[in-house]
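Structural description and commentary
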Amino acid sequence: MTPDRPDAPSAAAPKLSAVHLLLGRVETFFNLVAALCIFVLMFLGMAQVLGRKLFNAPMSGYIDFVELSMATFAFLGIAYCQRVGGHVRMEMLLKAARGRLHWALETFGIVIALLVISVLIWYGFGHFLRAYQLGDSTIDAQLPVWPSKLLVPIAFALLWLRLVVQLVGFTRLVRHPAAEPVAVPTVLTVEQLAAIEIEESVGKVTPSKGGG
Amino acid sequence: MDSFTIGIVGVIALVVLVFAGVRVFYAAAAVGLVGLISMLGWDAGAAMAGTIPHSKVVSYTLSVLPMFILIGFLAFHAGITEALFDAGRKWLGWLPGGLAVGTVMAATGFAAVSGASTATAAVFSRVAIPDMLKYGYDKRLAAGVVAAGGTLATLIPPSAILVIYAIIVEQSVGALLIAGFLPGIVSALVYVALIVGMSAINPKLGRPITGFTWPQRWKSLPGTFPIFAVVVIIFSAMYFGWATPTEAGALGAFVVFVLALARGMRMKGLRDALLESAKLTVMIFSIIWGVLVFVRFLGFAGLPEAFAKWVVALDVPPIMILIGILLFYTILGMFMDAIGMLLLTLPVVYPAVIALGYDPIWFGIIVVKMAEICLITPPIGLNCFVVNGVRPDIPLGAVFRGIAPFFIADVITVALFIAFPEIILWLPQTMKMG
């Protein structure tokens, strides 16, 4: 998985770079909300099991609440993950393709993504709207369902913006294959990937002998 | 076109998109969406696809995933690697190749809890290789042990990938987590036997390290407590059913969280661990719903049943088909992340394997083990690159040669699992159901 590194503004495509960075802030915020929800889920789960086992007093509606709140960490970080190139893919052909062909393949991937996400925003919103208009609630705790469903089109809308930025970024590279990549994640070689894994888990390694 | 033909076209389209480098969840959702629209019409098809992300993901069973992931990222801040290695060498150093044996056991423990195979290889390259080289251990053995030790991550609970398998094939999460335990231990013991055997035959590879007193040994244990705590919490919760997987995961995460705080984790460390957990979580959830859109389409096309019928009708012994499937996974695993590979292939492969009469739990352990072996095989073998990156003085070629015996050991382990399915199935069968 590609890590997220703080991007610096690029002089090569200043406008694109500025939009990329601005959007990046929103994405990081969304991902932070998702992260905090995971943290809260940890405390909730612990409280639930301790409450049930030690005091015989489980929280009512725990499962309903967990299920509805799952939409946060299931969706909010999706654009962040797209920005840093974190979503799984097979890079065999991409690595083999050089220059214009490489950027064309990347562009193709973004076009497919944009088509799918556009449809899913529309119909995901419809899914929310029905729940809102009918006043759907969970069976057990009677919690309203629509806020959870609304998170899907919101997260997808942010992803849509990110995909548009990357589409601009990649088409720019199709036109100028040798230009500096701006606002797009790049394919890493296995050596680069290894270097990042190392940096994340044990810190920087100096190439001198005896790094331990 | 009849629905079956549409299904075949869909599968081919998906393969093409994935090979073209389209991110797996877009590719799966795109083909599923177009397929559903072509069968049900624009509005009904797209509306069905539009409900899948929320309705399929918002399910209590899946909430265990972020908990297991969080345990893994917090584990890096709990300072347990040094303690594990120290305990490993003090307790197991007296064996032939003792330091390498201690490393394997320590890496197994850390990998089990962190769930991060590659990161385990990185951490232990730094912790264990210097010590092994100091005592004159063979470089290739030292590198091989560290690269291979990380691969034991996925079988011993907590294991996110076993949870994903369970959810996709609709089996009990608890049963799979329990089933992974013994095979994980057996895999580690096969590694240990390999090191001891090689070092007994050729003492130059690695000599025994002696001279530790019993009080020293006992004193080395408390530092490894978090590992045992997490494994015991999750294992016992599943086995005796005193908590749901999510609750057990939350409890385990909390234990590691408290220890990480005690070890001096600061706000920055916590923030990083949480953000990384969120990123990995959304990555997994995206691919789950993306693949489920595709699966819904496949279901309408009737493809999994048709494929299963075809496979069963083949005039080939089931074991040959199974070996064929495993070879297919080995090759695919060289080019693709294990989670993506399993999610993409299981909807079609799984019904066929079950129709052949294999046990769903057993098959899950086997495929996950196969996926993990791919982390050490060329041409990718990410773990080997990581060891070489931390220790540039050990050339990549030497790491790959060092890993070769472990690869053979893994193949033998898989053969053991196929020959003796009880290794996998015995524990879950003794589980208290309900």
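Now for a quick tour of the structure. Please read all numbers here as calculations on a predicted model, not as lab measurements. (Residues numbered from 1 in each chain as written. Chains lettered and ligands numbered in written order. Predicted model: local features only at pLDDT ≥ 70, side-chain atom pairs only at ≥ 80, totals over all residues. Heavy atoms only, no water.)

As a further point, take the overall build of chain B. For chain B, the helix and strand inventory stands at 22 helices and zero strands. Over its C-alpha atoms chain B spans a radius of gyration of 22 Å, differing by no more than 12% from the 22 Å that the globule rule assigns to 434 residues. Sorting the 434 residues of chain B into buried and exposed places 62% on the buried side. When the accessible surface of chain B is totalled, it reaches about 15000 Å², and 72% of it is carbon and sulfur. (Helix = DSSP H or I, 4+ residues; strand = E, 2+ residues; numbered from the N terminus. Rg over C-alpha atoms; globule rule 2.2 N^0.38 Å. Buried < 20%, exposed > 50% of the residue type's maximum accessible area, 1.4 Å probe, protein only. Areas by Shrake-Rupley, 256 points an atom, 1.4 Å probe, with all protein chains shown as cover.)

This part is about the overall build of chain A. For chain A, the helix and strand inventory stands at seven helices and zero strands. Its helices and strands in sequence order give chain A the pattern α-α-α-α-α-α-α, from N to C terminus. Rg of the C-alpha trace for chain A: 21 Å, well past the compact-globule value of 17 Å for 212 residues, more than 25% over. With the C-alpha coordinates aligned to their principal axes, the bounding extent of chain A is approximately 65 × 50 × 30 Å. Looking at the 212 residues of chain A, the share that counts as buried comes to 50%. When the accessible surface of chain A is totalled, it reaches about 10200 Å², and 68% of it is carbon and sulfur. The average position of the 17 basic charges and that of the 14 acidic charges among the side chains of chain A differ by 6 Å. (Lys, Arg positive; Asp, Glu negative; His and termini not counted. Charge placed at Lys NZ, Arg CZ, Asp CG, Glu CD.)

With that settled, consider the interface of chain A and chain B. Each side of the interface is counted separately: chain A has 81 residues, and chain B has 76 residues. When chain A packs against chain B, close to 6900 Å² is buried across both sides, 75% of that on carbon and sulfur atoms. Of all residues in chain A, the largest losses of buried area upon contact with chain B belong to Val-88, Met-90 and Tyr-123 of chain A, amounting jointly to 11% of the total for that side. At the boundary of chain A with chain B, the tally comes to one salt bridge. Across the pair Arg-52 of chain A and Glu-247 of chain B runs a salt bridge whose closest N-O atoms are separated by 2.9 Å. The residue makeup of the side of chain A that touches chain B, split by class, is 51 nonpolar, 18 polar and 12 charged. (Contact = heavy atoms within 4.5 Å. Buried area = accessible area lost by both parts, 1.4 Å probe. Salt bridge = Lys/Arg side-chain N within 4 Å of Asp/Glu carboxyl O. Nonpolar A, V, L, I, M, F, W, Y, C, P; charged D, E, K, R; others polar.)

The final tally for this structure, using the stated rule, is two cavities of 30 Å³ or more. If you add up the space inside the largest cavity, you get close to 100 Å³. Considering the residues around the largest cavity, the lining is formed by 13 residues, among which Arg-89, Glu-106, Gly-109 and Ile-110 of chain A together with Arg-23 of chain B are closest to the centre. Of all the secondary structure elements, the ones that give two or more residues to the lining of the largest cavity are α5 (99-134) and α6 (146-175) of chain A. (1 Å grid on protein atoms, 1.4 Å probe; cavity = no way out; pocket = protein on both sides within 12 Å on 5 of 7 lines; lining within 4 Å. Points joined across faces, edges and corners; volume = space filled by probe spheres on them.)

All names here are of chain B. Following both chains from N to C, one finds helix α18 (residues 338-355) and helix α19 (residues 360-373) inclined at 145°, their axes separated by 11 Å at the closest point. In terms of crossing hand, the pair formed by α18 and α19 is right-handed. In contact with Ala-338, Met-341, Leu-342, Leu-346, Val-349, Tyr-350, Val-353 and Ile-354 of α18, α19 contributes Pro-360, Phe-363, Val-367, Val-368 and Ala-371. Counted by class, the contact of α18 with α19 contains 13 nonpolar, no polar and no charged residues. (Axes fitted to C-alpha atoms, helices over the stretch in contact; angles between N-to-C directions. Left-handed = near helix turned anticlockwise from the far one by under 90°.)

In this description, a pair of aromatic rings is defined by centroid distance and the angle of the planes. Scanning the entire structure with this criterion turns up 31 aromatic pairs over all chains. Ring geometry for Tyr-62 of chain A versus Tyr-60 of chain B: centroids 5.8 Å apart, planes at 75°, classification edge-to-face. Here the residue Tyr-62 of chain A occupies a position in helix α2 (residues 62-75), and Tyr-60 of chain B occupies one in the loop between α3 (42-57) and α4 (64-75), the pair thus bridging two chains. Both residues of the pair, Tyr-62 of chain A and Tyr-60 of chain B, count as buried. By way of ring pairs, the aromatic residues Phe-75 and Phe-156 of chain A together with Phe-25, Tyr-26 and Trp-289 of chain B are connected into one cluster. It is Arg-217 of chain B that lies over the ring of Trp-214 of chain B; its NZ or CZ is 4.6 Å from the centre. (Phe/Tyr/Trp six-rings, centres within 6.5 Å; stacked < 30°, edge-to-face > 60°. Lys NZ or Arg CZ within 6 Å of the ring centre and 35° of its normal.)

With that settled, the discussion passes to a nonpolar patch on the surface. A surface patch of nonpolar side chains, about 630 Å² in accessible area, is lined by Trp-310, Leu-314, Val-316, Ile-319, Met-320, Ile-323 and Leu-327 of chain B. Judged by relative accessible area, which is 39%, Val-316 of chain B ranks as partly exposed. (Patch = residues over 30% accessible without salt bridge, like charges linked within 9 Å, V, L, I, M, F, W, Y side chains within 5 Å.)

What follows concerns helix α14 (residues 245-262) of chain B. Residues and elements named next belong to chain B. Taking 1.5 Å per residue, 18 residues should reach 26 Å; α14 reaches 26 Å between its end C-alpha atoms and fits that length. Within α14, the full set of buried residues consists of Thr-246, Glu-247, Ala-248, Gly-249, Ala-250, Leu-251, Gly-252, Ala-253, Val-255, Val-256, Phe-257 and Ala-260. Immediately beyond the C-terminal end of α14, within one or two residues, lies Gly-264, with a positive phi of roughly 95°. (Expected span 1.5 Å × (residues − 1).)

Turning to the nonpolar core, a few remarks are in order. If you look at the biggest cluster of nonpolar residues, it comprises 235 residues, and the most contacted ones within it are Trp-289 and Phe-363 of chain B. Sequence-distant contacts of Trp-289 of chain B, that is, excluding residues within four places in its chain, are made with Phe-75, Ile-78, Leu-120 and Phe-156 of chain A together with Phe-25, Ala-29, Ile-52, Pro-53 and Val-57 of chain B. The next biggest cluster of nonpolar side chains, apart from the first, holds five residues, and it includes Leu-94, Ala-97 and Leu-105 of chain A together with Ala-20 of chain B. (Core = buried A, V, L, I, M, F, W, Y, C linked by side-chain atoms within 4.5 Å.)

Next up on the list: the side chain of Arg-89 of chain B. Residue and element names in this part refer to chain B. When you line up the elements, Arg-89 lands in helix α5 (residues 80-92). One polar contact links Arg-89 to Asp-86, side chain to side chain, over a distance of 3.4 Å. Residues within four places of Arg-89 in sequence aside, it is in contact with Leu-99, Gly-102, Asp-131, Tyr-135 and Phe-212. (Polar contact = N/O pair within 3.5 Å; in protein donor to acceptor, adjacent residues only side chain to side chain.)

Here the residue pair Pro-157 of chain B and Pro-158 of chain B is connected by a cis peptide bond, since its omega of 0° sits within 30 degrees of zero. As for its placement among the helices and strands, Pro-158 of chain B is situated in the loop between α9 (139-149) and α10 (160-168).

Turning our eyes to something else, we now look at the pattern of salt bridges. All names here are of chain B. Overall, the coordinates contain 13 salt bridges over all chains when judged by the stated rule. Among the ionic pairs, Lys-90 bridges to Asp-86, the shortest N-O distance being 3.1 Å. With a gap of four residues between them, Lys-90 and Asp-86 both fall in helix α5, about one helical turn apart. Here Lys-134 makes a salt bridge to Asp-131, at a shortest N to O gap of 3.6 Å. Separated by three residues within a single helix, Lys-134 and Asp-131 lie in helix α8 (residues 129-134), roughly one turn from each other.

Another point: the environment of Asn-202 of chain B. All names here are of chain B. Mapped onto the fold, Asn-202 is located in the loop between α11 (173-201) and α12 (214-219). Its relative accessible area of 34% is what places Asn-202 among the partly exposed residues. For the pair formed by Asn-202 and Ser-63, sequence separation is 139 residues and the distance between their alpha carbons is 49 Å.

Let us now look at α2 of chain A. Residue and element names in this part refer to chain A. Under the 1.5 Å per step criterion, the end-to-end length of α2 is 21 Å for 14 residues, consistent within 8% with the ideal 20 Å. Along its length, α2 reaches its greatest deviation from straightness, about 30°, at Ser-69. Within the sequence span of α2, burial applies to Tyr-62, Asp-64, Val-66, Leu-68, Ser-69, Met-70, Ala-71, Thr-72, Phe-73, Ala-74 and Phe-75. (Bend = angle between axes of the 7 residues up to and from the residue.)

On to the environment of Gly-86 of chain A. Of note, Gly-86 of chain A is situated in the loop between α3 (78-83) and α4 (92-96). For the pair Gly-86 of chain A and Pro-185 of chain A, spaced 99 residues apart in sequence, the C-alpha to C-alpha distance is 9.2 Å.

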